[in-house]
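Listed below are the residues making up each chain.
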Amino acid sequence: MGLFQQHLAGVESTLISQNRRPRHVLGAVKRGFMGFDQVRQRRLSDDIVEQLERMILEGTLKSGGRLPAERALAEQFGVSRPSLREAIQKLTAKGLLISRQGGGNYVVENLGSTFSDPLLHLLESSPDAQRDLLEFRHTLEASCAYYAAIRATDVDRERLRMAFEALQDCYSREGEVSRVEESAADASFHLAIAEASHNAVLLHTIRGLFDLLKRNVLINIGGMYKQRTETRDMLISQHRELYLAIIEGRGEDAREVSSRHLLYVQEVLEEVRQQVQRTARAERRNGM
């Protein structure tokens, strides 16, 4: 018998001899002596909740995306359907999932939305806010590029390759492709970099800004192309350089290229702004 067991046996004998309840007191003795609380048994649904939350956080389950059918998901997890339903109910109560009658279960649409629709409208219509967004992108996307270069998996690199090729396809169809399509491809390329960074905060911030990012690119492209004839070639070159730095795992180079790319965009747009101001002044003088 170990020392702890001997000690408890002695305490129990003393309590019995004093007509006191040993079980109640011994419980307190054990807790005080060992310093451990009783372990609560986890429900299976809690493990499923944890797994689904991890998939949402890492971006495997995307905002607005539909979950696999209940039967298929239960088989994937190797759990019963009642346990899965209980987990889904918990995530619905947390505001992460939404169930649609006869339509399955979905990750909520506005998950990670950084700005509301009315605020988006205000931001996209304000030149100052557009400049602020570029400054914000400068800080954010340089970090995304660095981490993507040092953390990207083969799957990430393949997804990035597809996004880059889609952007190159837009560039190759000059005069045919719409500005909307080109801006969407540009934004998707930068989103793929954020996904490859394996930083959940960076990823969900970029995702929350995705619509604003597309609009920002759309607004910028037209003015930039008119301002400098070499802009299109510069953007093609910068995106290729950024892509290669990430694919080849050159973190510091990726950060520097991303930073240089956005500085170039800021520089050209500042020229556009100044040109607009000069034109406006000239027209006002002409009207006097």
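Cut-offs and rules
Residues numbered from 1 in each chain as written. Predicted model: local features only at pLDDT ≥ 70, side-chain atom pairs only at ≥ 80, totals over all residues. Heavy atoms only, no water. Helix = DSSP H or I, 4+ residues; strand = E, 2+ residues; numbered from the N terminus. Salt bridge = Lys/Arg side-chain N within 4 Å of Asp/Glu carboxyl O. Buried < 20%, exposed > 50% of the residue type's maximum accessible area, 1.4 Å probe, protein only. Phe/Tyr/Trp six-rings, centres within 6.5 Å; stacked < 30°, edge-to-face > 60°.

**Q** How do you make sense of the environment of Pro82 when you look at a structure like this?
**A** Among the secondary structure elements, Pro82 is positioned in helix H5 (residues 81–93). On a C-alpha basis, the gap between Pro82 and Ser45 in space is 8.8 Å, while along the polypeptide they are 37 residues apart.

**Q** How should the pattern of salt bridges be read in this particular structure?
**A** Two side chains with opposite charge may pair up if their charged atoms get near one another. This model, assessed by the stated rule, comprises 28 salt bridges. A salt bridge links Glu141 to Arg137, with the nearest nitrogen and oxygen atoms 2.6 Å apart. Linking Glu141 with Arg137, this pair stays in helix H7 (residues 127–151), spanning four residues, or about one helical turn. For Glu141, a relative accessible area of 5% translates into the label buried. Overall, the relative accessible area of 6% leaves Arg137 in the buried class. For Glu182, the salt bridge identified is with Arg232, shortest N-O distance 3.5 Å. Of this pair, Glu182 sits in helix H9 (residues 179–196) while Arg232 is found in helix H12 (residues 231–247), placing the two residues 50 residues apart along the sequence. Several salt bridges converge on common partners, so that one network encompasses Lys62, Asp156, Arg159, Glu195 and Arg207.

**Q** How do you make sense of the packing of aromatic side chains when you look at a structure like this?
**A** Think of a pair of aromatic rings as described by two things: how far the centres are apart, and how the planes are tilted against each other in angle. Applying the stated criterion across every chain, the model contains three aromatic pairs. Centroid distance Phe164 to Tyr243: 4.2 Å. Interplanar angle 0°. Geometry classified as stacked. Of this pair, Phe164 sits in helix H8 (residues 154–172) while Tyr243 sits in helix H12, and the two are 79 residues apart along the sequence. Accessibility classification places Phe164 together with Tyr243 in one group, the buried group. The structure contains a cluster of three or more aromatic residues connected by ring pairs, namely Phe164, Phe189 and Tyr243.

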